[in-house]
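Now for the letters of each chain:
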Amino acid sequence: MPNIHPTAIVEEGASLADDVKIGAYAFVSKDTTLKSGVEVMQGAQIYGITKIAEDTKICPYAVIGMPPQDTGYKPEDDVRVEIGRNVMIREFVTINAGTKKGGGVTRIGNNCFIMIYCHIAHDCKVGNNVIMANNATLAGHVHVGSFTVIGGMTPIHQFVHIGEGVMIGGASAVSQDIPHFCLAEGNRAVIRGLNSVGLKRRFAKEDIVAIQSAYRALFRSDKPIKETAAELIVSSENDKVVQMCHFIMESKRGIPFERKNNGE
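What counts, and at which threshold
Residues numbered from 1 in each chain as written. Predicted model: local features only at pLDDT ≥ 70, side-chain atom pairs only at ≥ 80, totals over all residues. Heavy atoms only, no water. Pairing = 2+ DSSP bridges. Helix = DSSP H or I, 4+ residues; strand = E, 2+ residues; numbered from the N terminus. Core = buried A, V, L, I, M, F, W, Y, C linked by side-chain atoms within 4.5 Å. Buried < 20%, exposed > 50% of the residue type's maximum accessible area, 1.4 Å probe, protein only. Contact = heavy atoms within 4.5 Å. Axes fitted to C-alpha atoms, helices over the stretch in contact; angles between N-to-C directions. Parallel < 35°, antiparallel > 145°, perpendicular 65-115°, else oblique. Left-handed = near helix turned anticlockwise from the far one by under 90°. Nonpolar A, V, L, I, M, F, W, Y, C, P; charged D, E, K, R; others polar. Salt bridge = Lys/Arg side-chain N within 4 Å of Asp/Glu carboxyl O. Expected span 1.5 Å × (residues − 1). Arc of directions from axis to C-beta.

Visitor: I'd love a proper account of the sheet that holds strand E5 (residues 27-28), names of residues and values included.
Guide: A sheet is described by the order of its strands in space; here 8 strands give the open sequence E2-E5-E8-E11-E14-E17-E20-E23, paired in parallel fashion. This sheet does not close on itself; its edge strands, each paired only once, are strand E2 (9-10) and strand E23 (155-156). Two elements, strand E14 (residues 94-96) and strand E17 (residues 119-120), share 2 bridges in a ladder whose sense is parallel. Following the sheet pairing, Ile 95 is matched in E17 by Ile 120.

Spelled out as structure tokens, the structure:
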């Protein structure tokens, strides 16, 4: 049987694995699903249709599954939150449900670490192994690729896409798309280089050399960035480079970097 503190409120209908732990004064809605190993600590609150996978920890006073902060939301809308395995959600984090117009789901992958006071808004899609430092915030419809780190006090504008393996410096303000494997910082944030530490942790030397060469061609030449990206998609034999270039080609908010007469 789940270990539920007598002061906690768990609505009838909630689906709880046998080893779930619910702390003092916590709240769990009737439409919540908590898988094996999940712990909801003191004062944490889970609302709406929320599914949380194995071994995820919800720290005190986090609030998950509240309706989206969107004027078009209606109480009858079928919207939800889905959180993956082994996610650490620290104190006072807020994660809102999706919106009908945005697909209805706010989704967080596996092995993420969401530090105190972070906010993840409606319809965000967060990949696996993402770290969000204290007070980082995602506006609606933001996509964050796996293995990305977002520094503390950093807000990310709605509809922005952050690629895989990105590092964003603290106290930045991100209003445009950041391609895979890059490092960005500043207000407004611009690309400063590659996430060298992240690359070394994950990829072989030949991949890193190929990514470095592609970066120079994309961001250190006079040719328009999308023209270069299109050429690299055809000519490069490295799948990481092709992945990076497809991201650039598909960007809708533009890529922020500093280059005189860049043709954009």
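Now that the structure has been shown, we can carry on.
Visitor: So what about the nonpolar core? Which residues, and what values?
Guide: By size, the foremost hydrophobic cluster in this structure holds 68 residues, and its most contacted members are Leu 34, Ile 89, Leu 138 and Phe 219. Broken down by secondary-structure element, the contributors of at least two residues to this core are strand E12 (80-83), strand E26 (182-186), strand E27 (189-194), helix H2 (205-219), helix H3 (225-235) and helix H4 (239-250). Each residue touching Ile 89, except ones within four places of it in the same chain, is listed here: Lys 57, Ile 58, Cys 59, Ala 62, Ile 64, Ile 83, Ile 95 and Ile 114.

Visitor: Kindly report on the packing of H2 against H4, identifying the contributing residues and their values.
Guide: One can describe the packing of H2 onto H4 by two numbers: an axis separation of 9 Å at closest approach and a directional angle of 30°. Considering their axes alone, H2 and H4 lie roughly parallel with respect to each other. For the pair H2 and H4, the sense of crossing is right-handed. Residues Asp 207, Ala 210, Ile 211, Ala 214, Tyr 215, Leu 218 and Phe 219 of H2 lie in contact with H4, whose contacting residues are Lys 240, Val 241, Met 244, Cys 245 and Ile 248. Its residues assigned to classes, the contact of H2 with H4 shows 10 nonpolar, no polar and 2 charged.

Visitor: Run through the sheet that holds strand E3 (residues 15-16), naming residues and quoting values.
Guide: Taken in spatial order, the 8 strands make up an open sheet running E3-E6-E9-E12-E15-E18-E21-E24, and their pairing is parallel. Two strands bound the open sheet, and with one partner strand each, they are E3 and strand E24 (161-162).

Visitor: Pulling in residues and values, what's your account of the pattern of salt bridges?
Guide: Enumeration over the complete set of coordinates arrives at 11 salt bridges. One salt bridge connects Glu 82 with Arg 107, and the closest N-O pair in it is separated by 3.1 Å. Of this pair, Glu 82 sits in strand E12 while Arg 107 sits in strand E15 (residues 105-108), placing them 25 residues apart in sequence. The exposure class of Glu 82 is partly exposed, given its relative accessible area of 22%. Put simply, Glu 164 and Arg 202 hold a salt bridge, and the shortest N to O gap is 2.5 Å.

Visitor: Hey, could you go over the pairing of E15 for me, with residue numbers and the actual values?
Guide: For a regular strand, side-chain orientation follows a simple rule: the groups alternate between the two sheet faces. Pairing of E12 with E15 involves 4 bridges; the strand directions are parallel. Note that in E15 the partner of Arg 80 across the bridge is Val 105. Of the strand pairs in this sheet, E15 and strand E18 (residues 125-126) are connected by 2 bridges, and their pairing is parallel. Of the residues in E18, the one forming a bridge with Arg 107 is Lys 125.

Visitor: Tell me about H2, residues and numbers included.
Guide: Helix length check: H2, at 15 residues, gives a terminal C-alpha distance of 21 Å against a target of 21 Å (1.5 Å per residue), a fit within 8%. Of the residues making up H2, those classed as buried are Asp 207, Ile 208, Ile 211, Ala 214, Tyr 215, Leu 218 and Phe 219. Along H2, the residues classed as buried sweep out an arc of 130° about the axis, all on the same side. H2 presents Lys 205 and Glu 206 as exposed residues on the side facing more than 90 degrees away from its buried surface. Contacts from the buried residues of H2 go to E26, E27, helix H1 (196-202), H3 and H4.

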